[in-house]
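Letter by letter, the chains look like this.
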Amino acid sequence: MSGMVRGAQGRLSFASLGSGSKGNATLVSDGETHLLVDCGFTLRETERRLARLGLHPRQLDALLVTHEHGDHVRGVGPLARRHGVPVYLTPGTWLSGRLGELPQRHWITPQSQFAIKGLTIDPVTVPHDAREPVQFRIVAGKWCLGLLTDLGHPSAHVVEAFAGCDGIVLECNHDPRLLAEGPYPANLKRRVGGDWGHLANGQAAWLLQRLGLDRLQRIVCSHLSDQNNRPELALEALVPLLDGDESRLRVAAQDAGVAWQTLG
């Protein structure tokens, strides 16, 4: 399904435009409804990356925002204003003042389910150092996708909310040793590695075990730090959970993202 959206009824597909500290954006589609979750790239770069995945911005039904950090919202305002895309976000994210004018703005209430055409979305509060951050569980028919990045620790609330997904985009931000020995100043190291920062590879593995592996058809390691992680270290943490079967596993790169993955 690389290059074009060819979703069929009863299926759920997703792709990454790119993931990491320089920008994040994820596409979700059931073939008729197209959602973009976060937009951390410039308008021109977003348009280019969408085209690579077979979509024009005017085909987007909505843009969902998880939180206000720049690597997730840099392109939200420009994309919404240029192409008339409705934006869904929490009041706390809006009150950060980082998004500018949004012609079509819809409030998200955490833990309050809503629908956009054929897709049902559960916004889930997560522990992260933002004003009112959420991540999303998205359902189409009998298929469920969890988008779960930017959380400092795998809380019991998160485990309960994301259990039983068929696909997941899961943060594997850093390796603790690389973070400790790396170039970040001490206060930033404490932030990244703290309970309101980002998941380490081992935390991601722990969380994945508790979410349940039996139903998972696709697992995408996401939001890897350029400075404090490497793809092989993220895979090293997760592959043993899959009995050595790496076919379900992908790593979202900062530049290349991940091509379309289909559930169902």
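One can find the structure itself at the top, above this paragraph.
Residues numbered from 1 in each chain as written. Predicted model: local features only at pLDDT ≥ 70, side-chain atom pairs only at ≥ 80, totals over all residues. Heavy atoms only, no water.

1. A few points about the sheet that holds strand β4 (residues 62-64)
Spatial strand order, β6-β5-β4-β3-β2-β1-β14: 7 strands in an open sheet with mixed pairing. The open sheet has two edge strands, β6 (105-107) and β14 (258-263), and neither has a second partner. Here the average twist between neighbouring strands, direction ignored, is 25°. The sheet contact formed by β4 and strand β5 (residues 87-89) spans 2 bridges and is parallel. Each bridged residue has a counterpart across the sheet, and for L63 the counterpart in β5 is V87. Its contacts with the sheet put helix α1 (residues 43-52) on β1 (12-18) and β2 (25-29), and the angle it makes with β1 is roughly 140°. (Pairing = 2+ DSSP bridges. Helix = DSSP H or I, 4+ residues; strand = E, 2+ residues; numbered from the N terminus. Axes fitted to C-alpha atoms, helices over the stretch in contact; angles between N-to-C directions. Contact = heavy atoms within 4.5 Å.)

2. Comments concerning unusual backbone geometry
One non-glycine residue, Q111, lies in the positive phi region at around 65°. Residue classification places Q111 among the partly exposed residues on the basis of a relative accessible area of 45%. In this structure, H223 takes a positive phi of about 60° despite not being glycine. In this structure, H223 sits in the loop between β12 (218-222) and α9 (231-238). (Buried < 20%, exposed > 50% of the residue type's maximum accessible area, 1.4 Å probe, protein only.)

3. Concerning the sheet that holds strand β9 (residues 134-140)
Spatial ordering of the open sheet is given by β7-β8-β9-β10-β11-β12-β13, a layout of 7 strands whose pairing is mixed. Unpaired on one side and paired on the other, β7 (114-116) and β13 (249-251) mark the two borders of the sheet. Adjacent strand axes in the sheet meet at a mean angle of 20° when their direction is disregarded. Relative to strand β10 (residues 143-148), β9 is paired through 5 bridges, and the arrangement is antiparallel. From the neighbouring strand, F136 faces β10, where its bridge partner is L147. Here helix α8 (residues 201-211) sits on the sheet and contacts β10, β11 (167-171) and β12; the angle it forms with β11, its principal contact strand, is near 155°.

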